[in-house]
Amino acid sequence: MKIILSRKGFDSRYGGVPSPILPDGRMLSLPIPSKSEVGGLDRIHMPGIDVPQLAADLRGPSKEVIAGVHLDPDLVRRPSDRPQGWRPALGQVNVANTHLKRQSVGVGSVFLFFGWFREVEQRGGCWRYIPKSKGI
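Residues numbered from 1 in each chain as written. Predicted model: local features only at pLDDT ≥ 70, side-chain atom pairs only at ≥ 80, totals over all residues. Heavy atoms only, no water.

Caption draft 1: Up close: the pattern of salt bridges. Within this structure, the stated rule accounts for four salt bridges. Its salt-bridge partner being Asp-24, residue Arg-26 comes within 2.8 Å of it at the nearest N-O pair. The closest approach of N and O atoms between Glu-121 and Arg-123, which form a salt bridge, is 3.7 Å. For Glu-121, a relative accessible area of 15% translates into the label buried. For Arg-123, a relative accessible area of 51% gives the class exposed. (Salt bridge = Lys/Arg side-chain N within 4 Å of Asp/Glu carboxyl O. Buried < 20%, exposed > 50% of the residue type's maximum accessible area, 1.4 Å probe, protein only.)

Structure (structure tokens):
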């Protein structure tokens, strides 16, 4: 059995800011922006949260609008967007797939996902990072 550590979601390069830890303690891993993907943050399902607005507030007005995102792994897509018989999957392609094969990653291997997060709050109808909170 192999254990693979796999970074997911926004970081300082992709997205530019930490993913949010919501006031109720839920963690929302915002998927990395991708110009080659069709569909954006509106595909992310988080009850009670307008995910595109949350990301826009946290990223600030100077950042470009996120048009497409890479859902990998696809864990929080809106249930209505899932085709009949949908099952969660992790898919690697090209260099990443070749690397995993060379390392004998296969059936029985375990992927542990991690990311960069920071606590947020809503003030005046806008989301912001809690002042003095640290990224984790």
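Caption draft 2: Molecular detail of unusual backbone geometry. The phi dihedral of Ser-104 falls on the positive side, at around 60°, and the residue is not glycine. With a phi close to 70°, Lys-132 is a non-glycine residue in the positive phi region. Mapped onto the elements of the fold, Lys-132 is located in the segment after β5 (126-129). (Helix = DSSP H or I, 4+ residues; strand = E, 2+ residues; numbered from the N terminus.)

Caption draft 3: Structural context of the sheet that holds strand β4 (residues 117-123). Reading across the sheet, the three strands line up as β2-β4-β5 and stay open at both edges, with mixed pairing between neighbours. Because the sheet does not close on itself, it has two edges, and the strands there are β2 (19-21) and β5. Strand-to-strand twist of the sheet, defined as the mean angle between neighbouring strand axes without regard to direction, takes the value 55°. In this sheet, β4 lies alongside β2 in parallel orientation, the contact comprising three bridges. Within β4, the position partnered with Ser-19 by the bridge is Phe-117. Lying on the sheet, helix α1 (residues 51-59) is in contact with β2, β4 and β5; it crosses β5 at an angle near 50°. (Pairing = 2+ DSSP bridges. Axes fitted to C-alpha atoms, helices over the stretch in contact; angles between N-to-C directions. Contact = heavy atoms within 4.5 Å.)

Functional significance is not addressed by these values, which are geometric in nature.
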